[in-house]
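Here is how the chains run, residue by residue.
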Amino acid sequence: MKYCMECGSALAKKDIDGTERLACTACSFVHWGNYSIGVGALVVRDDKVLLVRRAIEPGKGKWTNPGGYIEQLEPIEDTIVREVYEESGIRAKVQEIIAVRDLPTNVHNVYIAFRMDYVEGEPVPDGVEADAAGFFSLEEMRMMPVATFTEWLVDIAMTPRKEGLSADKQPVASFGGFGYAVGKVGASCR
């Protein structure tokens, strides 16, 4: 970035809160960084997990759990319901957050995995991101090219644990017109 997204003036490196950041030379705009938030679903039906086979890179040909990226004004739980339906034709409902992955790179990626309850539908791939979809047992998955990260998530989804993550369902902060925190704001250890 070279120019302010708010007023168009030049950006310059400034120390903001102890970190060198790009900031506007004319207004109060600060470029806080580049972030993406991805979501993934572990939908279980009859002891089988919903997987889709990637039709595009990265991971073309690998079986993965359905997922994608949040839209700017879309609540995260709506995102994962939408992504599951778009990629597989399955309707599912969020049960709980089961894992969080943090990849701080030039675009800091946070990935949140949800255990979801199957609601209805039969697996049908979207033909764009996925070229196959189905529910598979752990035994069937051993014979398939399942992505390593998906293997880890399936293990978490299928192994009962007493401790883990849960969504914070209570509002925690108001930001006076600069956004707001409602319900599903974060994750905390139980």
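Residues numbered from 1 in each chain as written. Predicted model: local features only at pLDDT ≥ 70, side-chain atom pairs only at ≥ 80, totals over all residues. Heavy atoms only, no water.

A.B. asks: I keep staring at the environment of Val44 and nothing clicks. Help me out?
C.D. replies: Here Val44 is to be found in strand E4 (residues 35-45). Along the chain, Val44 and Val154 lie 110 residues apart, while their C-alpha atoms are 9.5 Å from each other. With residues near it in sequence (within four places) discarded, Val44 still touches Val49, Met116, Tyr118 and Met158. (Helix = DSSP H or I, 4+ residues; strand = E, 2+ residues; numbered from the N terminus. Contact = heavy atoms within 4.5 Å.)

A.B. asks: Looking at this model, I keep getting lost on unusual backbone geometry. Mind explaining?
C.D. replies: Negative phi characterises most residues that are not glycine, and trans characterises most peptide bonds. Following Glu57, the chain continues into Pro58 via a peptide bond in cis, with omega recorded as 0°. Relative to the assigned elements, Pro58 resides in the loop between strand E5 (48-54) and strand E6 (63-64). One non-glycine residue, Asp17, lies in the positive phi region at around 55°. Relative to the helices and strands, Asp17 resides in the loop between strand E1 (11-16) and strand E2 (19-24). Looking at Asp17, the relative accessible area reads 68%, which means it is exposed. (Buried < 20%, exposed > 50% of the residue type's maximum accessible area, 1.4 Å probe, protein only.)

A.B. asks: In this structure, what is going on with the pairing of E4? I would like to understand it.
C.D. replies: Each regular strand displays side chains that alternate between the two surfaces of the sheet. In terms of burial, E4 is a largely internal element, 8 of the 11 residues being buried. With 10 bridges connecting them, E4 and strand E9 (residues 108-120) associate as parallel partners. Opposite Ala41, over in E9, you have Phe114 as the bridge partner. As paired strands, E4 and E5 are joined by 2 bridges and run antiparallel to one another. Bridge pairing in E5 places Val44 opposite Val49. Hairpin connection, E4 to E5: the antiparallel pair is bridged by 2 residues, and Asp46 has positive phi, about 50°. (Pairing = 2+ DSSP bridges.)

A.B. asks: Teacher, can you tell me more about the packing of aromatic side chains here?
C.D. replies: The geometry of an aromatic ring pair comes down to the distance between the two centres and the angle between the two planes. Per the counting criterion, the structure on display carries 4 aromatic pairs. For the pair Trp63 and Phe136, a centre-to-centre distance of 5.0 Å together with 70° between the ring planes defines the contact as edge-to-face. Residue Trp63 is located in strand E6, and its partner Phe136 is located in strand E10 (residues 130-136); the two are separated by 73 residues in the primary sequence. Judged by relative accessible area, Trp63 falls into the buried class, the value being 9%. Measuring from centroid to centroid gives 5.8 Å for Tyr118 and Phe135, while their planes differ by 85°, and the two rings are edge-to-face. With Tyr118 in strand E9 and Phe135 in strand E10, this residue pair connects regions lying 17 residues apart in the sequence. Using a relative accessible area of 25% as the deciding quantity, one classes Tyr118 as partly exposed. Owing to a relative accessible area of 11%, Phe135 belongs among the buried residues under this scheme. One aromatic cluster is present, formed by Tyr111, Phe149 and Trp152 through successive ring pairs. Just above the ring of Tyr118 sits the side chain of Arg45; from NZ or CZ to the centre is 4.8 Å. A cation over an aromatic ring shows up here: Arg101 above the ring of Tyr111, its NZ or CZ 4.9 Å from the ring centre. (Phe/Tyr/Trp six-rings, centres within 6.5 Å; stacked < 30°, edge-to-face > 60°. Lys NZ or Arg CZ within 6 Å of the ring centre and 35° of its normal.)

A.B. asks: Would you explain the nonpolar core in this entry?
C.D. replies: Nonpolar side chains tend toward joint burial in soluble globular proteins. Ranked by size, the top nonpolar core spans 17 residues in total, and within it Leu42, Leu51, Trp63, Ile98, Ala113, Met141 and Met144 carry the most contacts. Those elements giving two or more residues to this core turn out to be E5, strand E8 (91-103), E9, E10 and helix H3 (148-158). The dominant element in this core, judged by the number of residues it contributes, is H3, at 4 residues. Beyond its immediate sequence surroundings of up to four residues, Leu42 is in contact with Val49, Asn65, Ile98, Ala113, Phe114, Arg115, Met116, Leu153, Val154 and Ala157. By size, the runner-up hydrophobic cluster in this structure holds 15 residues, among which are Val84, Ile112, Phe114 and Met116. (Core = buried A, V, L, I, M, F, W, Y, C linked by side-chain atoms within 4.5 Å.)

A.B. asks: Quick question: what am I supposed to make of H3 here?
C.D. replies: Given 3.6 residues per helical turn, the α-helix brings residues three or four places apart onto the same face. Among all positions of H3, only Thr150, Leu153, Val154, Ile156 and Ala157 are buried. Buried residues of H3, viewed axially, fall in a sector of 160°; they line one side. Where H3 is buried, its residues meet E4, E5, E6, E8, E9 and helix H2 (138-141). (Arc of directions from axis to C-beta.)

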